[in-house]
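One-letter residues, chain by chain:
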Amino acid sequence: MKEPDDAKFTELFEVIRAYSRRGYDHQDKALQIIAGTYVFMFEKEEMPDVRPIVDDILGQYDYVFTTRERGNLDPLSVDALVRVALYKDEYTEWGINRLGRILESLHRRSGGDENYLDYVEDAAVVIRGLENIVAGSALEEIVEAANGS
């Protein structure tokens, strides 16, 4: 995670980094912190780039970070990814790509596991994430156009 020179809350991101290197429960908490910290357009401070951390966590689970209770896709993982993707214009393509990876992994899982009954519901969570990225990008363009005129 590369931090810009004017990044704020560096201690928080050290916690995120440390948690991302531990087990499932800590990684889940890291994703919760990321989802709660990144608010696109409205953040005044430059936040560190946590895309590599999100990639590291999700990559360990073939991009399907599941809940312990049911074993279905954890919607929080999609939410954290979407919030990071919307944080900066240059993160949008990364977010769309990672949501695609999640869909691919869900599809593989649905073909290889007859007990996986949540495929349609899990895919819908990812599709809503894609819709949020598209809508968020469009909203940001509208706000920028209004501020520029």
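Residues numbered from 1 in each chain as written. Predicted model: local features only at pLDDT ≥ 70, side-chain atom pairs only at ≥ 80, totals over all residues. Heavy atoms only, no water.

Undergrad: Account for the overall build of the protein chain, naming residues and giving values.
TA: Tallying secondary structure elements over the protein chain gives 6 helices and 0 strands in all. The order of helices and strands in the protein chain, counted from the N terminus, is α-α-α-α-α-α. When burial is assessed residue by residue, the protein chain has 44% of its 149 residues classed as buried. When contacts within the protein chain are restricted to residue pairs at least 6 apart in sequence, those whose partners lie at least 24 apart make up 67%. Of the accessible surface of the protein chain, which amounts to about 8200 Å², a share of 51% is contributed by carbon and sulfur atoms. (Helix = DSSP H or I, 4+ residues; strand = E, 2+ residues; numbered from the N terminus. Buried < 20%, exposed > 50% of the residue type's maximum accessible area, 1.4 Å probe, protein only. Contact = heavy atoms within 4.5 Å. Areas by Shrake-Rupley, 256 points an atom, 1.4 Å probe, with all protein chains shown as cover.)

Undergrad: Describe in detail the packing of helix H4 (residues 75-87) against helix H5 (residues 92-112), supporting the description with residues and values.
TA: Following both chains from N to C, one finds H4 and H5 inclined at 160 degrees, their axes separated by 8 Å at the closest point. Viewed along their axes, H4 and H5 adopt a mutual orientation that is roughly antiparallel. Crossing of H4 over H5 shows left-handed handedness. Within the contact between the two elements, H4 uses Val-78, Leu-81, Val-82, Val-84 and Ala-85 and H5 uses Thr-92, Trp-94, Gly-95, Arg-98, Leu-99 and Ile-102. (Axes fitted to C-alpha atoms, helices over the stretch in contact; angles between N-to-C directions. Parallel < 35°, antiparallel > 145°, perpendicular 65-115°, else oblique. Left-handed = near helix turned anticlockwise from the far one by under 90°.)

Undergrad: Explain the nonpolar core residue by residue, including any values.
TA: A general trend in soluble globular proteins is that nonpolar side chains are found buried together. Counting 37 residues, the largest nonpolar core has Ile-34, Tyr-38, Leu-73, Val-78, Val-84, Leu-99 and Ile-102 as the members making the most contacts within it. Of all elements in the fold, only helix H1 (10-20), helix H2 (24-37), helix H3 (51-59), H4, H5 and helix H6 (119-148) reach the threshold of two or more residues within this core. Setting aside chain neighbours within four positions, we find Val-84 in contact with Ile-34, Tyr-38, Val-50, Arg-51, Val-54, Tyr-91 and Trp-94. (Core = buried A, V, L, I, M, F, W, Y, C linked by side-chain atoms within 4.5 Å.)

Undergrad: Can you break down H2 residue by residue, with the values?
TA: An ideal rise of 1.5 Å per residue puts 20 Å on 14 residues; H2 measures up with 20 Å between its terminal C-alpha atoms. By the burial criterion, the buried members of H2 are Tyr-24, Gln-27, Asp-28, Ala-30, Leu-31, Ile-33, Ile-34, Ala-35 and Thr-37. On the buried face of H2, the contacting elements are H1, H3 and H4. (Expected span 1.5 Å × (residues − 1).)

Undergrad: So what about the environment of His-26? Which residues, and what values?
TA: As for its placement among the helices and strands, His-26 is situated in helix H2. Judged by relative accessible area, His-26 falls into the partly exposed class, the value being 23%. Distance in space between the C-alpha atoms of His-26 and Ile-16 is 8.8 Å, their sequence separation being 10 residues.

Undergrad: How would you sum up the pattern of salt bridges? Please name residues and give values.
TA: Inspection of the entire model under this criterion finds 7 salt bridges. Across the salt bridge formed by Arg-17 and Glu-14, the nearest N and O atoms sit 2.7 Å from each other. Of this pair, Arg-17 and Glu-14 both sit in helix H1, separated by 3 residues, roughly a single helical turn. (Salt bridge = Lys/Arg side-chain N within 4 Å of Asp/Glu carboxyl O.)

Note that all results are geometric; they support no functional claim without further evidence.
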